[in-house]
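So you can see what is in the structure, the chains are spelled out below.
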Amino acid sequence: MTGDAISAHGTDAADARHKSEWHHFTFTDDAAGVNGMVNLAVSGDVRNGERCRAAVSLIVYEREHGWSGTMNVYTRDDVRFASGQIDLAVGENAVRFAGGRYHVRARLKDDSVALDATWTPQAEAVRIENMGGFINTFIVPRLATSGEVVIRGRRVALQAVPGYHDHNWGTWDWSRDLGWNWGYLLEAPSSGPAGTATSIVFGQVTDATRSAARTELVLMVWRGDELTHVFLDDAVTLEIAGRRAVAVPRVPGVMALLNPGRASRIPERLVIRARDGDDELEIEYVVEHAVQLLIPHSTGLQHTVVSELVGEYRLRGRLDGTPVAFRCGGFAELAGAGQTRALPRIGVGV
Amino acid sequence: MSEALAILEGEAPAAYGTIARLLGDYPCRCEFAGEGFDVRGTEGHAEVRHGSSGRSRVNVATTAGAVVRLLDGTVMLEGLLSTEELRVAGDAEGLMALATISEVAIGGGLRSLDMLALFERFRAHVALTKTPNERFDDR
């Protein structure tokens with residue numbers, strides 16, 4: 001897959017400490033009511049085992065059973081990759097590109113969730129470098145996901161369901177530099193003429209407080225396999241509204257224990273509006289549930305919270321003079337630095 | 001527990017010192033996997049003593065499987081408390097001290113490779129003692 005490759009690791013130790021890189025895959029099976037994500041991540045200095053960690057997140061949301069899965073932490077010794085190649089292995093978990101598709105195998109350490117599936121690209125990829133001066137991304141907006149996921153012994157077959165992939169890398173200080181808003185919509189292939197299903201990805205990089213934009217908000221549209229429209233800057237707006245009162249699992253548990261009962265705010269909906277000439281889109285994302293991934297910063301107890309939202313996208317609008325409207329399930333993410341708890345502490349620093 | 005404290009003493013001495021001091025004032029009684037022991041602080045050291053001194057300010061009872069699931073994040077603290085897989089009792093100051101000890105211990109061990117290795121050995125031990133069905137059923 002041209003453009004998707006594990007990045008080079010330089011010799012600057014200070015930079016290497018702040019390096020992060022991950023492969024991220026999701027799938028959405030609206031008919032079965034199952035959404036899943038798998039993420040293999042490596043952060044820190046890969047030449048120094050003390051300063052390098054890896055993590056595998058495998059999380060599934062089932063309409064009928066709720067959330068399953070978590071994030072497992074690994075050490076440098078468990079990581080295998082080669083710069084310039086796509087393939088990445090962390091423990092028994094692996095992303096491998098062969099025969100024109102991504103082969104992804106993941107299994108949580110407690111065996112509660114396991115996944116063995118392929119993601120076959122169905123639309124052209126985009127690679128955007130140096131966003132905000134520090135983060136790079138490679139996005140395949142639409143793939144066909146086939147294989148199986150096993151959740152506490154229950155086997156769910158995935159038969160060419162809509163999938164998504166991105167690969168992100170760069171060097172930044174999680175405590176200061178990075179937050180984001182991101183999401184994607186994948187129209188069901190069967191809802192329009194063959195090969196013309198619409199795929200949409202939107203996103204924006206912010207600072208860690210989420211109050212300052214580091215990039216413009218962008219919304220990209222693919223019709224079939226081709227990137228056809230890009231809405232940028234004033235042409236697109238994102239509104240994050242309301243507050244969803246849902247129980248939010250927070251993983252890994254060891255990080256959640258640092259802030260018991262303090263889930264970050266989960267919105268009720270996102271509204272994205274894009275307009276450029278006669279092309280216009282209005283997307284409402286109704287949040288149904290959320291899980292939060294807690295990523296520790298390189299020092300101290302601070303962490304970044306990645307809120308993985310699952311819900312329903314409702315799109316309507318007009319592109320190239322043609323009405324477009326569909327609904328689909330999917331993920332969205334909101335990320336930024338988390339807050340530590342404000343409870344009184346006894347005996348510290350006495 | 002003893003190994004975890006030893007790792008903290010070597011890798012996070014400030015955290016270890018805070019924990020030892022708190023355990024000196026608020027000794028803790030643990031009922032864990034069918035075994036009972038006290039954790040207390042004496043002269044700047046945290047120690048695990050089998051048997052009961054009868055001086056504990058806090059009592060904690062849980063199972064090995066619950067600890068693994070809690071640290072993994074496949075169950076949340078409030079979930080364990082609501083099902084009484086984790087039971088915590090004590091006076092208000094003792095409970096506050098326990099919360100602080102937990103936070104300081106996690107912070108001290110968060111980036112420790114030895115602590116991660118200890119947890120993985122513990123996970124393997126727990127897995128060996130359960131059948132696959134038990135591992136899914138005990139959620």
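Structural data are supplied above this passage.
Residues numbered from 1 in each chain as written. Chains lettered and ligands numbered in written order. Predicted model: local features only at pLDDT ≥ 70, side-chain atom pairs only at ≥ 80, totals over all residues.

### Digging into the overall build of chain A
Reasoning step 1: Along the backbone of chain A there are 2 helices and 22 strands.
Reasoning step 2: Relative to its length of 350 residues, chain A is compact, with a C-alpha radius of gyration of 20 Å against a globular reference of 20 Å.
Reasoning step 3: Each principal axis of the C-alpha atoms in chain A carries an extent, and together these give about 70 × 45 × 45 Å.
Reasoning step 4: Across the 350 residues that make up chain A, the buried fraction comes to 46%. (Helix = DSSP H or I, 4+ residues; strand = E, 2+ residues; numbered from the N terminus. Rg over C-alpha atoms; globule rule 2.2 N^0.38 Å. Buried ≥ 20, exposed ≤ 12 C-beta atoms within 10 Å, placed from the backbone.)

### Some remarks on the sheet that holds strand β1 (residues 28-32) of chain B
Residue and element names in this part refer to chain B.
Reasoning step 1: Pairing is mixed across the open sheet formed by 5 strands, whose spatial order is β3-β2-β1-β4-β5. With partners counted over all chains shown, the strands left at the sheet margins are β3 (45-50) and β5 (87-90), one partner each. Direction aside, neighbouring strands of the sheet carry axes that sit 20° apart on average.
Reasoning step 2: Note that β1 and strand β2 (residues 35-42) share 5 bridges and pair antiparallel. (Pairing = 2+ DSSP bridges. Axes fitted to C-alpha atoms, helices over the stretch in contact; angles between N-to-C directions.)

### Considering the interface of chain B and chain A
Reasoning step 1: Counting residues at the interface gives 28 residues for chain B and 30 residues for chain A.
Reasoning step 2: For the side of chain B that touches chain A, the elements supplying multiple residues, two or more each, are α2 (13-25), α3 (64-72), α4 (77-82), α5 (92-109), α6 (113-128) and α7 (132-137) of chain B.
Reasoning step 3: Considered class by class, the residues forming the side of chain B that touches chain A number 15 nonpolar, 6 polar and 7 charged. (Contact = placed C-beta atoms within 7 Å. Nonpolar A, V, L, I, M, F, W, Y, C, P; charged D, E, K, R; others polar.)

### Some thoughts on the pairing of strand β4 (residues 58-62) of chain B
The side chains of a regular strand alternate, first on one face of the sheet and then on the other.
Residues and elements named next belong to chain B.
Reasoning step 1: In this structure, β1 lies alongside β4, joined through 5 bridges in parallel fashion. In the sheet register, Glu31 faces β4, and the bridge partner there is Ala61.
Reasoning step 2: Here 4 bridges tie β4 to β5, and the two strands are oriented antiparallel to one another. Counterpart to Ala61 in the pairing with β5 is Arg87.

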